[in-house]
Amino acid sequence: MSRTQDQQFFDLFSMVLAALVLFTLAMIALAVTISKNTIGESRKTDPQRLALLEERVRPLGQVSIAGESGGSDALLAAARPKPPPAPGSAEAANIEPRSGDEVFNLACTACHTAGVAGAPKVGVASAWTARVAQGMDVLYDHAINGFRGKVGMMPAKGGITSLSDDEVKAAVDYMLEKSE
């Protein structure tokens, strides 16, 4: 190859490279313009999105000092948790325990699907072997009362203390069944 051929190749290569860079920059500018015109404005005015935003940033509570105006006593009474129904009452009779599947989806799936904090994954039988070997009573006890071990921890009732012991046991049975 001669020097002129090298120069011609270099010039042509430089022009193609410059054209590709300009094309890339033009595409980026076009994408930014389109996204500003479509996504940006609709996100600011979409009533559903604004309602979700308001829900996320609303205060969790209100400070109220007893004895001051503003109905603090009524606020405190409303904030008190409702006691559970008395055993044998009509209200207690109407509450059916949730199934293991329902409890799993409510309280367990976040940790036991991904293995968060050392939680044994559902569907992985080997992850449950050592735990089951300790006995079902120990497994139920750790699920109900919580447990902190060398590998991880288990919050009591999966962090939802309103679950009954039977509901937690049903969730444990459900996870074991899915992991066989």
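A short tour of the structure in this document, coming up. Since this is a predicted model, take the numbers as computed values, not measurements.

Reading the values: the criteria
Position labels on residues start from 1 in each chain and follow its written sequence. The predicted origin of the model limits local features to residues at a pLDDT of at least 70 and limits the giving and counting of side-chain atom pairs to 80 or more, whereas totals for whole chains, interfaces and linings rest on all residues. No hydrogens and no water enter the side-chain calculation; it runs on all heavy atoms of the structure. Helix and strand assignments follow DSSP, with helices taken as H or I runs no shorter than four residues and strands as E runs no shorter than two, numbered in order from the N terminus. Partly exposed describes any residue whose relative accessible area lies between the buried limit of under 20% and the exposed limit of over 50%, with all areas from a 1.4 Å probe on protein chains only and scaled to the type maximum. What makes two residues a contact is simply this: any of their non-hydrogen atoms within 4.5 Å. The Shrake-Rupley method, run with a 1.4 Å probe, gives the accessible areas here. Residue values count only the displayed protein chains as cover. Count a disulfide wherever a pair of cysteine sulfur atoms falls within 2.5 Å. Two rings from Phe, Tyr or Trp (for Trp, the six-membered ring) form a pair when their centres sit within 6.5 Å of each other. Planes less than 30 degrees apart are called stacked, planes more than 60 degrees apart edge-to-face, and all others tilted.

## Overview of the overall build of the chain
Phase 1: When helices and strands are counted, the chain shows 8 helices and 2 strands.
Phase 2: When the helices and strands of the chain are listed from N to C terminus, the series reads α-α-α-α-α-α-α-β-β-α.
Phase 3: Out of the 180 residues belonging to the chain, those deemed buried represent 14%.
Phase 4: Summarising the internal contacts of the chain: among those between residues at least 6 apart in sequence, 50% fall at separations of at least 24.
Phase 5: For the chain, the exposed surface amounts to about 13700 Å²; the carbon and sulfur share of it is 61%.

## Thoughts on the state of the cysteines
Phase 1: One pass over the full model with this rule turns up 0 disulfides.
Phase 2: In this model Cys-108 remains outside any disulfide bridge; the closest cysteine sulfur is found in Cys-111, 8.7 Å from its own.

## Section: unusual backbone geometry
Phase 1: Backbone geometry at Lys-157 places phi at a positive 50 degrees, although glycine is not the residue there.
Phase 2: The topology assignment puts Lys-157 in the loop between β2 (153–154) and α8 (165–178).

## Brief notes about the packing of aromatic side chains
Phase 1: Throughout the structure, instances matching the rule amount to 2 aromatic pairs.
Phase 2: Aromatic side chains Phe-9 and Phe-13 sit 6.0 Å apart centroid to centroid with 20 degrees between the ring planes, which places their arrangement in the stacked category. Residue Phe-9 and its partner Phe-13 are located together in helix α1 (residues 3–45), separated by 4 residues, close to a single helical turn.
Phase 3: You can call Phe-13 partly exposed: its relative accessible area is 48%.
Phase 4: With centroids separated by 5.4 Å and ring planes inclined at 45 degrees, the aromatic side chains of Phe-104 and Tyr-174 adopt a geometry described as tilted. Taken together, the residues Phe-104 in helix α5 (residues 100–112) and Tyr-174 in helix α8 connect sequence positions 70 residues apart. Of the two residues examined, Phe-104 and Tyr-174, each falls in the buried class.

## A word on the side chain of Lys-157
Phase 1: When its relative accessible area of 16% is taken as the criterion, Lys-157 is described as buried.
Phase 2: Ignoring sequence-local partners within four residues, the contact set of Lys-157 consists of Ala-107, Ala-143, Ile-144, Leu-163, Ser-164, Asp-165 and Val-168.

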